[in-house]
Every structure is written in C-alpha cells, then in structure tokens.
Amino acid sequence: VVRPFNEVPGLWKNGWANLYNFWKLDGFRNLHRLTLQNFNTFGPIYREKIAEGHYPKRLKVEPWTSYRDYRNRKYGVLLKNGEDWRSNRVILNKEVISLKMLENFVPLLDEVGQDFVARVHKKIKRTGQNKWTTDLSQELFKYALESVSSVLYGERLGLMLDYIDPEAQHFIDCITLMFKTTSPMLYIPPALLKQIGSKVWRDHVEAWDGIFNHADRCIQNIYKKLHQDAGTPKKYPGVLASLLMLDKLSIEDIKASVTELMAGGVDTTSITLLWTLYELARHPNLQEELRAEVAAARAESQGDLLEMLKRIPLVKGALKETLRLHPVAVNLQRYIAEDIIIQNYHIPAGTLVQLGLYAMGRHPKVFFRPEQYKPSRWLRTETHYFRSLGFGFGPRQCLGRRIAEAEMQLFLIHILENFRVEKQQHVEVKSTFELILVPDKPIILTLKPV
Ligand code: HEM
Ligand code: 2DC
C-alpha cells in the first residue's frame, strides 16, 4: 500500500523551531552533516519545511536572483526557468556539452595542463630540494580559470605565468566571496538583509559586481575582435564567438550565460582536483596504479588525446569517487511536475524533492564500505553498475560537465606523468559548507618529480 504524503517522517510541521535548531547547530556550515543526521534518524526519505513552489525546477538560490534583480542584469541558464530556460539551454547544449565540441576543447585544455606542469617543475627547481610543498588551492583556481576561459574565449589569459593580471586574481577572489556569502542568505531573505544594510548582503553585491565586471571585459574583448577580423575562417574560436556567430540567442542572453559559465568553472573543478590529489596522497599504491594506467593509455593512443581519454577508466573512477565523498553540491533538487511514489509514500506534484548526495555517498546501504576511497567500484561489470550523480541528472544537469570532466582528466594525466604526490603530516581534512563543499582547512601536499 502506498502511504500518504503527511505520513512521511520528519520534523516538517514546525518551520520556526527547525530554523532555530539549525541556527543552534551552526547549520550554515554543517548542512551536509545535518542531512546525514536526518538520514540516520528518519531513513532514506524525510520531509522538511524550507520553501514552497510549484514549478518543475531546482531550488531557487535567492541571493543570486536578488542580485540580478537589484542590478538589473539578465538571468542566464543557471537562473532561468520554464520555456525561457529550455530555449536557451537547447542552444547552449550544442556549443557546450555536445560530444562533438569535446574535440575542440581537448587540445585547448591539454595546453593549459602542460603549462601547469611546466610551472610546477619551475617551482620545484626554485626550492632547490627537488620537491615543492604547498597549499595548491590558489594554483588550482588559476588552472581552472585559465582552462574554462580558454574554452569560452578561444584564447589564453596567461594565468600560468609568474606575474598575472591582478584583475583575474580579483575575479577569483570574488567567486570565493560570492559562494561564501550565499550560504548564510539561503535561510534569511536577502530582501530583508538588503533593507537593514547588512554586511553579508553588501559583500555579496560587491562579489557579483567584481565577477560581472571582469566577465564583461573578457566578453567585450572577443566581441570587438570578432568584428575586426570577420569572415576569416580559422581554427575553433571558442564558445562565446561560436554563440555570437550562430546568432540564435540575444547578446544579453549570451553574456548572462557565458558569465555564469566562467564563474561556475573555477571553484568547482579546482576543489574537486584538490580533494583528488589529497586522496591520491593518502593512497600511494592506488596512485601508482593510476600512473600505470595513464602510461599504458599514452603508449596505446599514439598521440591521439581523445583516444587516450577513452583508456583511463580508473582515473575517471577516481574523479567519481572524489565526488562521492566530497560532492561539490550537497544535494540535488527538483520541483516534481507530477505526483510520484518514493519509498512507498505518495508525493504530490509541486513538492520540492531533494536527493541527499553527500548522505547517499557515505551510506553503507548505498555504497559498500563507504569510507574507503576505491575508484574501481565505478568500473562497469556485469554484476553492478553505479551512475555518478555528482553533476546532477537529466536535461538540467551541469552545463559545464564536459568541460569539467575533460579538464580534470587531462590535469590528472599530466600530474601523474610528472609528479608523485605526497602528504605531510597526519591531518584529517573535513568539509565545510560554503554553498559548495570546501575543505575546512588548507590541504598541504608535496610534489616530487617521478
Ligand atoms: C549546474 C555540479 C563544474 C556550470 C550544476 C549542478 C550540479 C553541478 C550538481 C546542478 C545540476 C542539476 O540540478 O541536476 C558541478 C560539479 C562540477 C561542476 C561537480 C565540477 C567538478 C562546472 C563547470 C561549469 C559549470 C566547470 C562551467 C563551465 C554549471 C551551470 C549550471 C550547473 C551553468 C546550471 C545549469 C542549468 O541550470 O541549466 N553543476 N559542476 N559547472 N553547472 Fe556545474
Ligand atoms: C546548495 O540547499 C545547497 O554547480 C542548497 O557551477 C541547494 C542548492 C541549490 C543549487 C546548487 C547549490 C545547492 C550548490 C551549488 C550549485 C547550485 C546550482 C549550480 C551550482 C550546484 C546544492 C554550481 C556550483 C554552479 C555555480 C555557477 C554560478 C555561481 C555562476
């Protein structure tokens, strides 16, 4: 028998008491652990009171929409909904996540990977100790921004050099601040915070202003160049120029989505790579196994990079394993369009259903020995097949997924071919919620030439 909606377990009746409790438990920073706790108390399905809504879409991140409304800036595909979202997304899909485009992206991303490695070799030389011990996060932010920019604009920003454009550094800092200031505003209406002139709202506005200003400059630059040498067909010009030439979206729509792609492409991939290096440092034998896979793939593919990317299942498994234990997004959400039955409960249409990625990734009923970092569990066999949900699912899944995957795979290939990754002391790093999950302390790693 299907049980009715109001029998779904959970403390959903008293919204204010929940908010108070959330405050007391410092839920702003612990959202991921709270979902795990709820999972353990209520089981695989529970009901919460957060927001009401009746459209087939993701949870609205109000600080983000409030900023756009405040500054009169257009929503891109990240924030649009309904038909407007669909028509934009269909066009963006062809230019950003079609397999066909991967051919264009891979050479650009590979070049950035090579430059990253050259930069690390240089740093190692400078220490005079044949190794480099550091917190790589800033280097990874630059790698990620350089990568996503080279794909979007078809040209390099030069972030792998010694002296970088201070504006690019400011852009990176603004993204981190933007994420950090979003989480406290998820539960307090931004309109209220704006009215009382609170610091978190002012910082949030400043962060987005910095993001939009820099992206506007990059976009303007390409736009001008396109007009100067129009009609000269040459190599792949990048996502932005392709969209402009295609002429199917308005310039304002293109600008909005390209800005979101540029901002969405920094902390996400860099932090996932940092966690992966951390896990490889903790598992030296596994690291050697991956290195062997990469060496074999390099030899067999004979210089064909796309071919090489098909021969590294364990490296891909490592990235999935990282996103299982350290997902960028704690959960996935959809407003369901029709009544459905989940876990034998009847859920009415319009309900916001969340899938607890962090909680699922660490639950022994879902993953055998979840505490173990084991890339091989993702290898496809006859008896089992998991699907990785780190990028979401269906037509609204991560638009940057192909870029992110190629960028991260190429990065690991180059690192494994060049360096042994070790970690210093015995420090257990946990995650903290700053809208996306980030390490709660610096991760210090040592890189040594292989
Ligand atoms: C959406 C994860 C990298 C741009 C999303 C969503 C997730 C996600 C879970 C929501 C999907 C859903 O609701 O089903 C990740 C992870 C990344 C990553 C784990 C890297 C490890 C990137 C990159 C970009 C990007 C590199 C840009 C190049 C976007 C955009 C959306 C999105 C624009 C909104 C799509 C829409 O609403 O139609 N991402 N992402 N992401 N991501 Fe990513
Ligand atoms: C955060 O309860 C937890 O990919 C909230 O690249 C629900 C929620 C809603 C939307 C999610 C967000 C969570 C995590 C970060 C995500 C975001 C949608 C897109 C965004 C998953 C799970 C992200 C990081 C984008 C960001 C692009 C942007 C800043 C330009």
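See the structure above.
Figured I'd write up the structure that's included with this text. Note that the structure is a prediction, hence the values are computed from the model and not measured. (Residues numbered from 1 in each chain as written. Chains lettered and ligands numbered in written order. Predicted model: local features only at pLDDT ≥ 70, side-chain atom pairs only at ≥ 80, totals over all residues. Heavy atoms only, no water.)

Along the backbone of the chain there are 17 helices and nine strands. On C-alpha atoms alone, the chain measures out to a radius of gyration of 22 Å, which is about the 22 Å that the 2.2 N^0.38 rule sets for 450 residues. Across its three principal axes, the chain shows a C-alpha extent of roughly 60 × 55 × 45 Å. A total of 450 residues make up the chain; the buried ones form 50% of that total. The contacts of the chain with a sequence gap of at least 6 include a subset with a gap of at least 24, amounting to 74%. Summing over all exposed atoms, the chain offers an accessible surface of approximately 22000 Å²; the carbon and sulfur share of this is 54%. Placing the 62 positive and 50 negative side-chain charges of the chain at their respective mean positions leaves the two points 3 Å apart. (Helix = DSSP H or I, 4+ residues; strand = E, 2+ residues; numbered from the N terminus. Rg over C-alpha atoms; globule rule 2.2 N^0.38 Å. Buried < 20%, exposed > 50% of the residue type's maximum accessible area, 1.4 Å probe, protein only. Contact = heavy atoms within 4.5 Å. Areas by Shrake-Rupley, 256 points an atom, 1.4 Å probe, with all protein chains shown as cover. Lys, Arg positive; Asp, Glu negative; His and termini not counted. Charge placed at Lys NZ, Arg CZ, Asp CG, Glu CD.)

The next thing to look at is the pairing of strand β9 (residues 444-449). Bridge count between strand β1 (residues 132-135) and β9: four bridges; the pairing is antiparallel. Paired with T133 across the strands is T446, a residue of β9. (Pairing = 2+ DSSP bridges.)

The next subject is the sheet that holds strand β6 (residues 419-423). Read across the sheet, three strands follow the order β1-β9-β6 without closing on themselves; strand pairing throughout is antiparallel. Every other strand in the sheet has two partners, leaving β1 and β6 as the edge strands with one partner each. On average, adjacent strands in this sheet sit at an angle of 30° to one another, irrespective of strand direction. Packed on one face of the sheet, helix α12 (residues 267-282) meets β6 and β9 and runs near 80° to β6. (Axes fitted to C-alpha atoms, helices over the stretch in contact; angles between N-to-C directions.)

Below, the discussion takes up the site of ligand 2. The immediate surroundings of ligand 2 are formed by 19 residues, with M178, E260, N331, Q333 and L435 found nearest. Expressed as a share of its isolated accessible area of 620 Å², the protein-covered part of ligand 2 is 89%. Of all the secondary-structure elements, those providing two or more residues to the shell around ligand 2 are α7 (166-185), α11 (251-264) and β2 (331-335). For the shell around ligand 2, the element with the most residues is α11, which contributes three residues. Here the shell around ligand 2 is built from residues that sort into 13 nonpolar, four polar and two charged. (Near = heavy atom within 4 Å. Nonpolar A, V, L, I, M, F, W, Y, C, P; charged D, E, K, R; others polar.)

Here we take up the nonpolar core. L145, Y153 and F411 are the most contacted members of the largest nonpolar core, which totals 117 residues. Once residues lying within four places of it in the same chain are set aside, the contact partners of L145 are L157, L159, A168, F171, I172, M262 and V266. Counting six residues, the second largest nonpolar core, distinct from the first, contains F5, V8, I45 and I347. (Core = buried A, V, L, I, M, F, W, Y, C linked by side-chain atoms within 4.5 Å.)

Over its 14 residues, α11 extends 20 Å from the first C-alpha to the last, a length consistent with the 20 Å expected when each residue adds 1.5 Å. Burial analysis of α11 places 10 of its 14 residues in the buried class, the great majority of the element. Listed in full, the buried residues belonging to α11 are D253, I254, A256, S257, V258, T259, E260, L261, M262 and A263. Where the residues of α11 are buried, they touch α3 (62-71), α4 (82-96), α6 (137-153), α7, α9 (199-228) and α10 (239-246). (Expected span 1.5 Å × (residues − 1).)

This part is about the pattern of salt bridges. The final tally for this structure, using the stated rule, is 34 salt bridges. Its salt-bridge partner being R156, residue D115 comes within 2.8 Å of it at the nearest N-O pair. With D115 in helix α5 (residues 99-127) and R156 in the loop between α6 and α7, the pair connects residues that are 41 residues apart, well separated along the chain. The class for D115 is partly exposed, based on a relative accessible area of 30%. (Salt bridge = Lys/Arg side-chain N within 4 Å of Asp/Glu carboxyl O.)

Another aspect to go through is the packing of α12 against helix α15 (residues 313-325). Packing of α12 against α15 brings their axes to within 9 Å, and their N-to-C directions diverge by 105°. Between α12 and α15, the crossing angle belongs to the class labelled roughly perpendicular. Where α12 abuts α15, its residues T272, L273, W275, T276 and E279 lie against L319, T322, L323 and L325. Among the residues making up the contact of α12 with α15, the classes are represented as five nonpolar, three polar and one charged. (Parallel < 35°, antiparallel > 145°, perpendicular 65-115°, else oblique.)

Before going further, it helps to spend a moment on the environment of H363. Within the secondary structure, H363 sits in the loop between α16 (357-361) and α17 (401-418). Judged by relative accessible area, which is 12%, H363 ranks as buried. Dropping the residues within four chain positions of it, H363 is found in contact with F39, N40 and P370.

There is one protein donor for the iron atom of ligand 1, namely C398 (SG), at 2.3 Å. Relative to the elements of secondary structure, C398 occurs in the loop between α16 and α17. (Donors = N, O, S within 2.8 Å, 3.2 Å for Na, K, Ca; no water.)

What follows is about the site of ligand 1. Of all residues adjacent to ligand 1, which total 27 residues, the nearest are R58, R89, R334, R396 and C398. V77 has a polar backbone atom sitting 3.4 Å from an oxygen atom of ligand 1. With three residues, α12 is the largest single contributor of residues to the shell around ligand 1. Classifying every residue of the shell around ligand 1 by side-chain character gives 14 nonpolar, nine polar and four charged. (Polar contact = N/O pair within 3.5 Å; in protein donor to acceptor, adjacent residues only side chain to side chain.)

As a further point, take the side chain of H32. Within the secondary structure, H32 sits in helix α2 (residues 27-42). Residue classification places H32 among the buried residues on the basis of a relative accessible area of 0%. Excluding residues that lie within four positions of it along the chain, H32 makes contacts with V330, Y358, S431, T432, F433 and L437.

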